[in-house]
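# Understanding the architecture of this molecule
Chain by chain, the residues run as shown.
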Amino acid sequence: ARRIEDILQLPHFVVSNPQMSSILDSYVSTFESIYESSEITNSERELSFLNTVRTELVKHNPGTRLIAEGYREVRKTYPALQLDTFLHDHFTMRIATRILMDNYIVMRDPQPL
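A brief report on the enclosed structure follows. Note on numbering: residues in each chain are counted from 1, in written sequence order. Local features are withheld for residues below a pLDDT of 70 in this predicted model, meaning they are given only at 70 or higher, and side-chain atom pairs are given and counted only at 80 or more; totals for whole chains, interfaces and linings count all residues. Note that water and hydrogens are dropped before the side-chain values are worked out from all heavy atoms of the structure.

## Some thoughts on the nonpolar core
The test is simple: What makes a nonpolar core is a set of buried Ala, Val, Leu, Ile, Met, Phe, Trp, Tyr and Cys residues whose side-chain atoms join them at distances within 4.5 Å. Residue burial is assigned from relative accessible area. The probe radius is 1.4 Å, only protein chains are included, and a residue is buried under 20% of its type maximum, exposed over 50%, and partly exposed in between. Helix numbers and strand numbers start at the N terminus; a helix is a DSSP run of H or I with at least 4 residues, a strand a run of E with at least 2. Any pair of residues with heavy atoms lying within 4.5 Å of one another is described as a contacting pair.
Counting 17 residues, the largest nonpolar core has Ile7, Leu10, Val14, Leu83 and Phe86 as the members making the most contacts within it. Those elements giving two or more residues to this core turn out to be helix 1 (2-8), helix 2 (12-15), helix 3 (18-35), helix 5 (63-77) and helix 6 (84-108). Apart from residues lying up to four places away in sequence, leucine 10 is in contact with Val15, Met20, Leu83 and Phe86. Counting 7 residues, the second-largest nonpolar core is a separate cluster that includes Leu50, Val53, Met101 and Ile105.

Below is the structure:
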């Protein structure tokens, strides 16, 4: 939810860029998928949640490229635009979230003996 809020705080011309808009759509879709997940009360629901996490992780794979392309496009039109704080915070949280998701998946996958 925080990433969504941060993106929505950007100037309209940034958010309306197709790549940046795609990033926003991905975050909203992921938020809805996680929020709508059933409470984990048994192994079947945990497996369902694990599959949701896997799906959402794959969905966000092109995120770094899309942010870079979108930022580059917006800077062509608005060369004085500075998004350093946004980009720093975004990528810091992206890395942290990805580590958590990757570790959750690894911990839940059966390991060979």
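Following the structure, the description resumes.
## Some words on the environment of threonine 30
What counts, and what does not: Two N or O atoms count as a polar contact when they lie within 3.5 Å, although within protein this holds only if one can serve as hydrogen donor and the other as acceptor, and sequence-adjacent residues are included solely when both atoms are side-chain atoms.
For threonine 30, the location among the structural elements is in helix 3. Its relative accessible area of 14% is what places threonine 30 among the buried residues. On a C-alpha basis, the gap between threonine 30 and methionine 101 in space is 13 Å, while along the polypeptide they are 71 residues apart. With residues up to four places along the chain from it excluded, the contact list for threonine 30 reads Glu56, Lys59 and His60. Within the structure, threonine 30 has its side chain in polar contact with the side chain of glutamate 56 (distance 2.5 Å).

## Quick notes on the pattern of salt bridges
Where we set the bar: Definition used for salt bridges: Asp or Glu carboxyl oxygen within 4 Å of a side-chain nitrogen of Lys or Arg.
Under the counting rule described, the total for this entry stands at 6 salt bridges. Across the salt bridge formed by glutamate 69 and arginine 65, the nearest N and O atoms sit 3.3 Å from each other. Of this pair, glutamate 69 and arginine 65 are both found in helix 5, 4 residues apart, which corresponds to roughly one turn of the helix. When salt bridges that share partners are traced, they join Arg2, Arg3, Glu5 and Asp6 into one network.

## Considering the packing of aromatic side chains
Keep this limit in mind: What counts as a ring pair is set by centres within 6.5 Å for rings of Phe, Tyr and Trp (its six-membered ring), and what kind of pair is set by the plane angle: stacked under 30 degrees, edge-to-face over 60, tilted for all other angles.
As enumerated under the stated definition, the model contains 3 aromatic pairs in all. Look at phenylalanine 13 and tyrosine 78: their rings are 3.8 Å apart centre to centre, the planes differ by 25°, and that puts the pair in the stacked class. Taken together, the positions of phenylalanine 13 in helix 2 and tyrosine 78 in the loop between helix 5 and helix 6 put the pair 65 residues apart, joining distant regions of the chain. Of the residues examined, tyrosine 78 reaches a relative accessible area of 37% and is grouped as partly exposed. For the ring pair phenylalanine 31 and tyrosine 35, a centre distance of 5.7 Å and an interplane angle of 15° mean the geometry is stacked. With phenylalanine 31 and tyrosine 35 both in helix 3, this residue pair falls 4 residues apart, about one helical turn. Judged by relative accessible area, which is 38%, phenylalanine 31 ranks as partly exposed. Under the relative-accessibility criterion, tyrosine 35 is labelled exposed at 64%.

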